[in-house]
Structure formats: C-alpha cells, structure tokens
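The chain contents come next:
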Amino acid sequence: MQSTEFDDMLVQANTHMRAGELDLAQEIVSEVLQNLPGSTPALRLSGVIACYRGDTRLAVELLDRVLTEVPDDLDALILRGGACCALGDYPSAESCLRRALALDPGRYDVQYN
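What this report covers is the structure whose coordinates are included nearby. Given the structure is predicted, the values throughout are model-derived calculations rather than measurements. (Residues numbered from 1 in each chain as written. Predicted model: local features only at pLDDT ≥ 70, side-chain atom pairs only at ≥ 80, totals over all residues. Heavy atoms only, no water.)

1. So, the overall build of the chain
So the rule is basically this: Strands here are runs of E lasting at least two residues and helices are runs of H or I lasting at least four, both read from the DSSP assignment and numbered beginning at the N terminus. Put simply, the radius of gyration uses C-alpha atoms, and a globule should come to 2.2 Å times the residue count raised to 0.38. A simple rule labels every residue: compare its accessible area, found with a 1.4 Å probe on the protein chains alone, to the largest value its type can have, and call it buried under 20%, exposed over 50%, or partly exposed in between. We call two residues contacting when some pair of their heavy atoms lies within 4.5 Å. Per-residue and other accessible areas follow the Shrake-Rupley method at a 1.4 Å probe size, with only the shown protein chains counted as cover for residues.
Summing up its helical and strand segments, the chain has seven helices and zero strands in all. Listing each helix as α and each strand as β along the chain from the N terminus yields α-α-α-α-α-α-α. By the compact-globule yardstick of 13 Å for 113 residues, the chain fits well, its C-alpha radius of gyration being 14 Å. Each principal axis of the C-alpha distribution contributes one length, and for the chain these read about 40 × 25 × 20 Å. Out of the 113 residues belonging to the chain, those deemed buried represent 41%. The contacts of the chain with a sequence gap of at least 6 include a subset with a gap of at least 24, amounting to 41%. For the chain, the exposed area adds up to about 6,500 Å²; of that, 50% sits on carbon and sulfur atoms.

2. Side note on the pattern of salt bridges
Short version of the rule: The rule for a salt bridge is simple: a side-chain nitrogen of Lys or Arg has to be within 4 Å of a carboxyl oxygen of Asp or Glu.
Inspection of the entire model under this criterion finds five salt bridges. For the salt bridge of arginine 53 with aspartate 23, the shortest nitrogen-to-oxygen distance reads 2.4 Å. Remark: aspartate 23 occurs in helix α2 (residues 22–35) and arginine 53 occurs in the loop between α3 (40–52) and α4 (56–69); sequence separation between them is 30 residues. By relative accessible area, which is 42% here, arginine 53 ends up partly exposed.

3. Structural notes on the nonpolar core
Heads up, the condition is: In these notes, a set of buried Ala, Val, Leu, Ile, Met, Phe, Trp, Tyr and Cys residues joined through side-chain atoms within 4.5 Å is what counts as a nonpolar core.
Met17, Val29, Leu45 and Ile49 are the most contacted members of the largest nonpolar core, which has 33 residues in total. Secondary structure elements with two or more residues in this core: α1 (3–18), α2, α3, α4, α5 (74–87) and α6 (90–103). Setting aside chain neighbours within four positions, we find isoleucine 49 in contact with Met17, Leu22, Ala25, Gln26 and Val29.

4. Things to note about the packing of α2 against α3
Any two packed helices are characterised by how steeply their axes cross, that is the angle between the axes, and by the distance between the axes. Just so we agree on the cut-off: What counts as an axis is a line fitted to C-alpha atoms, over the stretch in contact for a helix, and the angles between N-to-C directions run from 0 to 180 degrees. These descriptions rest on fixed angle ranges, namely under 35 degrees for roughly parallel, over 145 for roughly antiparallel, 65 to 115 for roughly perpendicular, and the rest for oblique. Crossings are sorted by hand: turned counterclockwise from the far helix by less than a right angle, the near helix makes the crossing left-handed, and turned clockwise it makes it right-handed. Each residue gets one of three labels, nonpolar for Ala, Val, Leu, Ile, Met, Phe, Trp, Tyr, Cys and Pro, charged for Asp, Glu, Lys and Arg, and polar for the others, Gly among them.
Where α2 contacts α3, the axes come no closer than 10 Å and their chain directions differ by 155 degrees. Judged by the inter-axis angle, α2 sits roughly antiparallel to α3. Classified by chirality, the crossing of α3 by α2 is left-handed. Residues Leu22, Ala25, Gln26, Val29, Val32 and Leu33 of α2 touch α3, and the partners they reach there are Ala42, Leu43, Leu45, Ser46, Ile49 and Tyr52. Counted by class, the contact of α2 with α3 contains 10 nonpolar, two polar and no charged residues.

5. Details of the side chain of arginine 80
Counted only if it meets this: Any N or O atom pair separated by 3.5 Å or less is treated as a polar contact, with the protein-specific requirement of one donor-capable and one acceptor-capable atom, and with residues adjacent in sequence counted only for side-chain atom pairs.
Relative to the helices and strands, arginine 80 resides in helix α5. Among the polar contacts listed, one links the side chain of arginine 80 to the side chain of aspartate 64, at a separation of 2.4 Å. What arginine 80 contacts, discounting residues up to four positions off in sequence, is Val60, Leu63, Asp64, Leu67, Ser92 and Cys96.

6. Describing the layout of surface pockets
Selection rule: In this analysis the probe radius is 1.4 Å and the grid spacing 1 Å, with only protein atoms considered; a cavity is a set of points the probe fits into but cannot get out of, a pocket is an open set with protein on both sides within 12 Å along at least five of seven lines, and lining residues have an atom within 4 Å of a point. Grid points are joined across faces, edges and corners, and a volume is the space filled by probe spheres set on the points.
Its volume calculated, the largest pocket comes out at about 250 Å³. In terms of lining, the largest pocket is formed by Leu10, Asn14, Met17, Arg18, Pro41, Arg44, Leu45, Val48, Cys51, Tyr52 and Leu79. Breaking the lining of the largest pocket down by element, the ones donating at least two residues are α1 and α3. With six residues, α3 is the largest single contributor of residues to the lining of the largest pocket. Its residues assigned to classes, the lining of the largest pocket comprises eight nonpolar, one polar and two charged.

As structure tokens, then:
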C-alpha cells in the first residue's frame, strides 16, 4: 500500500471515531500500525480513541510514543495534558500544556485546558 492509502485509512478511522464507532475506528488504525508501526498519526489517533474509551493510561502510553518521535507535536501534547489531568497527574498535565502553549500561544484549546 502507498502512504496516501494509509492517510486515507486514518481519515476514515477518524470519521468512524467521531461517529462513535470506536471499534471500527481502532480496527482501521490497527491495520495502519501493522504496516507502519511507528506511524505517529496512527499512534495519536489510537490515543484519542483510548481517551474516548476512558482508558487514559493507554492514551498516555500511546501519546508518549508520539512525543518520543515528535517532541513538539502540539496535538499530542494537548491530548496528553488532558489525559494526565483525567488521571490526576496534574504536574504532568501542566507540563504538557505549558509546552503546548509555548509552541502556539494562540491555540484556543491550550488556553482553556
């Protein structure tokens, strides 16, 4: 498969996730990860799905993998900050959100987290 096919699959997975079809979304993301194990967009989306399912610990693990590869991934920082907050890990949440705010001071979802 070409990388554009994987990109299309992630768009499809995101659509399913937003429709509440989390199992189907995760199946698609898992297929992408089987072919591209280090795909940061797929890992990030898998982290979002984990958050939606209430598995914030898994979400943090997945987002940590994204941030290891792309330390300034703004979306991953924001998502990880929210997940850490949900876990009661406020120092880590604050660290992620401060870093995100430094990267993009005008980003509304950083300002309100």
